[in-house]
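Each chain, letter by letter, is given below.
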Amino acid sequence: RLENEGILSDKLLTIIWTKADQKLQKPFYLQNKLFLKRLMEKYYLLCNATPIGGFDDTSDKTEQEEIYFVPSLLTAKPDDSTLYPRHMIRFQSPLYVVFENKFLPCGMFYRLQAMCVRRFGLEKSRVYAGCARFPTDDPKQNFVVTRVNYYLKVELMWTEEGEQPAFTQGLSVRKFLSSCLFDIKEKWVPSIQYDWCFVEKSDEETAQPSFYPLSYTGQESPMALQPPEDVAKVWMPRRASHTENSGGDGPAMIEPTPSTDDVRAVHTIGPVLDCMEQSRGLALDQCDVIRREITHVSRYKELVATVTSDKRRRLLGASVEVCLPDSASQFWREQRSDEIVVLH
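Residues numbered from 1 in each chain as written. Predicted model: local features only at pLDDT ≥ 70, side-chain atom pairs only at ≥ 80, totals over all residues. Heavy atoms only, no water.

1. A look at helix H2 (residues 10-24)
Across its 15 residues, H2 extends 21 Å between first and last C-alpha, which sits within 8% of the 21 Å expected from 1.5 Å per residue. Looking at H2, one finds that the buried residues are Asp10, Leu13, Trp17 and Asp21. Each buried residue of H2 lies within a common arc of 70° when the element is viewed along its axis, so the set occupies one face. Turned more than 90 degrees away from the buried face of H2, the exposed residues are Lys11, Lys19, Gln22 and Lys23. Looking at the packing, one finds that the buried side of H2 touches strand S1 (7-9), helix H3 (28-31), helix H4 (33-42) and strand S3 (67-69). Gln25 lies just past H2 and shows a positive phi near 60°. (Helix = DSSP H or I, 4+ residues; strand = E, 2+ residues; numbered from the N terminus. Expected span 1.5 Å × (residues − 1). Buried < 20%, exposed > 50% of the residue type's maximum accessible area, 1.4 Å probe, protein only. Arc of directions from axis to C-beta. Contact = heavy atoms within 4.5 Å.)

This is the structure we're talking about:
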């Protein structure tokens, strides 16, 4: 099961580490078992895949053994009948994550699989070596991620037979995968570069398709190939005009007091970008521009330079206070009162 499905039981892990301790002639692995598991989970070398019952599940879980998903040990190869069941309908315009210099570390895809399994579980997922199919928030739609040489192919699937497909989860899937990839980039391979791309339909089946990046600026360029209508409709956010709230000055703002050492200390801004995108403080394209910066210092500077209006500064300050409270002094933030008012 470990090789075919990538599933490692806690009992088998204990056996493996007991034998490793015997070779070392000291109880290192078993003595530090909890710490080592948490360390591997932190860097997505494995993830806890123990099934969790719903609120109506009253069965006794006290004796349920923990299981872990280890993507690097997965060897099972899929065929089209398992990855693309005949009753499912594929969206004809997939999206691609293309890595610069044609370099895609295998460890990056393993970590992406682990993050997806942690989010969606194994029960409704189908995970194989080099590819996987996962559910979405809509039970009628799945998405497939496949590693092909130096790029990832992302596809949407409609699961309900006999119904007219309505692909509505493309943007949510893209946001989720974009957040996962950036999290891996920050923690594991900071200098890796990649672009979200599309290809022309006539070019999809060729050995070396021509990739065209999605727009990162929100502005149409006469030199760039614009995405087809179906790609823009499913995978890209709709452009909306946001007006500033002019109903008053709002709470007083505290000016940031950044220092060079403080800026260098901000290594991870992924949660802040997710929070800003959810609150509409930044557009998805703007977040992708920041994510493309090579170093954490340049990402910090690009984030500060992008957030220019007072409304967005307030949202950024609140996001940092929630996600990175130790770094709150480096950003504009609202002045808090010492009093608590209870409304009833």
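Moving on from the model shown.
2. Some remarks on the nonpolar core
Ranked by size, the top nonpolar core spans 69 residues in total, and within it Met108, Leu112, Leu177 and Leu303 carry the most contacts. Top element by residues in this core is helix H6 (residues 106-120). It accounts for 8 residues. In this structure Leu177 touches Leu112, Cys116, Phe143, Val145, Val154 and Trp196, once residues within four positions along its chain are discounted. (Core = buried A, V, L, I, M, F, W, Y, C linked by side-chain atoms within 4.5 Å.)

3. Comments concerning the packing of aromatic side chains
The final tally for this structure, using the stated rule, is 15 aromatic pairs. Relative to Tyr151, the ring of Tyr150 has its centre 5.3 Å away and its plane inclined at 80°; by these criteria the two rings are edge-to-face. Exposure remark for Tyr150: the relative accessible area of 12% places this residue in the buried category. The class for Tyr151 is buried, based on a relative accessible area of 8%. (Phe/Tyr/Trp six-rings, centres within 6.5 Å; stacked < 30°, edge-to-face > 60°.)

4. A few points about the sheet that holds strand S2 (residues 47-48)
Across a sheet, paired strands are connected by hydrogen bonds in the backbone, their directions being either parallel or antiparallel. As summarised here, the arrangement of the 3 strands in space is S1-S3-S2, forming an open sheet in which the pairing is antiparallel. Single-partner strands in this sheet number two, and they are S1 and S2. With 3 bridges joining them, S1 and S3 adopt antiparallel strand pairing. Bridge assignment links Ser9 to a residue of S3, and that residue is Ile67. Contacting S1 and S3, H2 crosses the sheet at an angle of about 75° to S1. (Pairing = 2+ DSSP bridges. Axes fitted to C-alpha atoms, helices over the stretch in contact; angles between N-to-C directions.)

5. Notes on the environment of Lys124
Relative to the helices and strands, Lys124 is located in the loop between H6 and strand S6 (126-128). Note on Lys124: relative accessible area 59%, which makes it exposed. Counting along the chain gives 11 residues from Lys124 to Pro135, while the straight-line C-alpha distance between them is 6.5 Å.

6. What to know about the packing of helix H10 (residues 270-278) against helix H13 (residues 310-323)
Running from N to C, H10 and H13 point in directions that differ by 135°, and their axes come no closer than 9 Å. If you check the angle between H10 and H13, you find them oblique. Note on packing geometry: the crossing formed by H10 with H13 is right-handed. Packed against H10, whose contacting residues are Pro271, Val272, Cys275 and Met276, the element H13 presents Arg312, Leu315, Leu316, Ser319, Val320 and Cys323 at the interface. Taken together, the residues of the contact of H10 with H13 break down into 8 nonpolar, 1 polar and 1 charged. (Parallel < 35°, antiparallel > 145°, perpendicular 65-115°, else oblique. Left-handed = near helix turned anticlockwise from the far one by under 90°. Nonpolar A, V, L, I, M, F, W, Y, C, P; charged D, E, K, R; others polar.)

7. Examining the confidence of the model for the chain
Averaged over every residue, the pLDDT of the chain is 82; residues scoring 70 or more account for 80%. Taken together, the stretch residues 217-222 has pLDDT below 50 and engages in 5 contacts with residues farther than four places along the chain or on a different chain. Taken as a whole, residues 241-248 scores under 50 in pLDDT and shows 4 contacts with residues more than four places along the chain or in a different chain. (pLDDT = per-residue confidence, 0-100.)

8. Describing helix H7 (residues 170-187)
Here H7 spans 26 Å end to end across 18 residues, near enough to the 26 Å set by a 1.5 Å rise per residue. Within H7, 14 of the 18 residues are buried, which leaves the element mostly enclosed by the surrounding structure.

9. Section: the pairing of strand S7 (residues 131-135)
Extensive coverage of S7 is indicated by the burial of 5 of its 5 residues. Because side chains alternate across S7, one face comprises the buried residues Cys131, Arg133 and Pro135, and the other comprises Ala132 and Phe134, equally buried. With 3 bridges connecting them, S6 and S7 associate as antiparallel partners. Its bridge partner being in S7, Arg126 is matched across the sheet by Arg133. Where S6 folds back on S7, the antiparallel hairpin that results is connected by 2 residues, among which Gly130 adopts a positive phi of roughly 90°. Here S7 runs beside strand S8 (residues 141-148); their pairing, made up of 5 bridges, is antiparallel. Looking across to S8, one finds that Cys131 is bridged to Thr146. From the end of S7 to the start of S8, which pair antiparallel, there are 5 residues.

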